[in-house]
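Residue strings, one per chain:
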Amino acid sequence: MIHMTWRDRETLKKVKCVHTDAKKYLVNNALTVGNVYDVKNETEEFYYIIDNTGKVGGFYKEYFQDA
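This report concerns the structure included in the present document. Values in this document were obtained by computation on a predicted structure and should not be read as measured data.

Scoring rules and cut-offs
Residues numbered from 1 in each chain as written. Predicted model: local features only at pLDDT ≥ 70, side-chain atom pairs only at ≥ 80, totals over all residues. Heavy atoms only, no water. Pairing = 2+ DSSP bridges. Helix = DSSP H or I, 4+ residues; strand = E, 2+ residues; numbered from the N terminus. Axes fitted to C-alpha atoms, helices over the stretch in contact; angles between N-to-C directions. Contact = heavy atoms within 4.5 Å. Buried < 20%, exposed > 50% of the residue type's maximum accessible area, 1.4 Å probe, protein only.

Right, let's talk about the sheet that holds strand β4 (residues 56-60) for a bit. Strand order in this open sheet of 5 strands is β4-β3-β2-β1-β5, and the pairing throughout is antiparallel. Every interior strand has two partners, whereas the edge strands, β4 and β5 (64-66), have only one. Mean inter-strand twist for the sheet, computed between neighbouring axes without regard to direction, equals 45°. Alignment of strand β3 (residues 46-50) against β4, held across 5 bridges, turns out to be antiparallel. Bridge pairing links I50 to V56 in β4.

Structural data, given as structure tokens:
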């Protein structure tokens, strides 16, 4: 149940949102282009960050670049 402690975990790195042009999901409510977010966990396909809602969410890496 690692997801229960993500919010309190050490930040792995920072990433900057470069676009919110999602084909399938509504992303622009949770991310803002140009904002820098703290990565709490990372997989091959996703970054898990604290988004604009204040919760940890998983987003495709294509929305970000290293800050």
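So, about the side chain of T20. Take T20: it is sitting in the loop between β1 (13-17) and β2 (36-42). Sequence-distant contacts of T20, that is, excluding residues within four places in its chain, are made with V27, N28, L31 and V33.

As a further point, take the pairing of β4. Across a regular strand the side chains alternate sides, sitting on one face of the sheet and then on the other. Here β4 shows one buried face, formed by G57 and F59, and one open face, formed by V56, G58 and Y60. Where β3 folds back onto β4 in an antiparallel hairpin, the turn is made up of 5 residues, including G54, whose phi is positive at roughly 90°.

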